[in-house]
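Here's the letter readout for the chains.
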Amino acid sequence: MARGNQRDKAREANQKKQAALKKGHNMSGNELAKAKELAAQKMREKQAAGMHCTTEPHRRPADLAQAWSTAS
């Protein structure tokens, strides 16, 4: 009977863990899908905006070193 307290403590800890897992979100499946799609659309817009912000192509480090040496 010495293990009774250990069993009760383990049960309490498991109940706390399960309650924390259930707290994640309170949206239904359809609401969650809409929220994910909205977030994905915002990310696509950000990525598209970021692609057009530079006019110069990306340079490799060797190209930059050569450009710096000729500039001075």
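Remember, predicted model here, so these are calculated numbers, not experimental data.

Peer 1: Mind showing me how you'd approach the overall build of the chain here?
Peer 2: A count of helical and extended segments in the chain gives three helices and zero strands. For the chain, the proportion of its 72 residues judged to be buried stands at 0%. Approximately 7,200 Å² of the chain is accessible, and the part contributed by carbon and sulfur atoms is 56%.

Peer 1: How should I be thinking about the pattern of salt bridges in this particular structure?
Peer 2: Where side chains of opposite charge bring their charged atoms close, a pairing between them can arise. Across all of its chains, the model carries two salt bridges by this definition. Across the pair arginine 11 and aspartate 8 runs a salt bridge, and its minimum N-O distance is 3.3 Å. Here the residue arginine 11 and the residue aspartate 8 both occupy positions in helix 1 (residues 4-22), the gap between them amounting to three residues, near one helical turn. The salt bridge involving glutamate 37 is made with arginine 44; its shortest N-O contact spans 3.6 Å.

Peer 1: Help me out: how do you make sense of helix 1 in this one?
Peer 2: Side chains three or four residues apart in an α-helix point the same way, a direct result of the helix having 3.6 residues per turn. Relative to the 27 Å expected for 19 residues at 1.5 Å per residue, helix 1 spans 27 Å between its end C-alpha atoms, a close match to the ideal helical length. The element helix 1 is barely covered by neighbouring structure, given that only zero of its 19 residues are classed as buried.

What counts and what doesn't
- Residues numbered from 1 in each chain as written.
- Predicted model: local features only at pLDDT ≥ 70, side-chain atom pairs only at ≥ 80, totals over all residues.
- Heavy atoms only, no water.
- Helix = DSSP H or I, 4+ residues; strand = E, 2+ residues; numbered from the N terminus.
- Buried < 20%, exposed > 50% of the residue type's maximum accessible area, 1.4 Å probe, protein only.
- Areas by Shrake-Rupley, 256 points an atom, 1.4 Å probe, with all protein chains shown as cover.
- Salt bridge = Lys/Arg side-chain N within 4 Å of Asp/Glu carboxyl O.
- Expected span 1.5 Å × (residues − 1).

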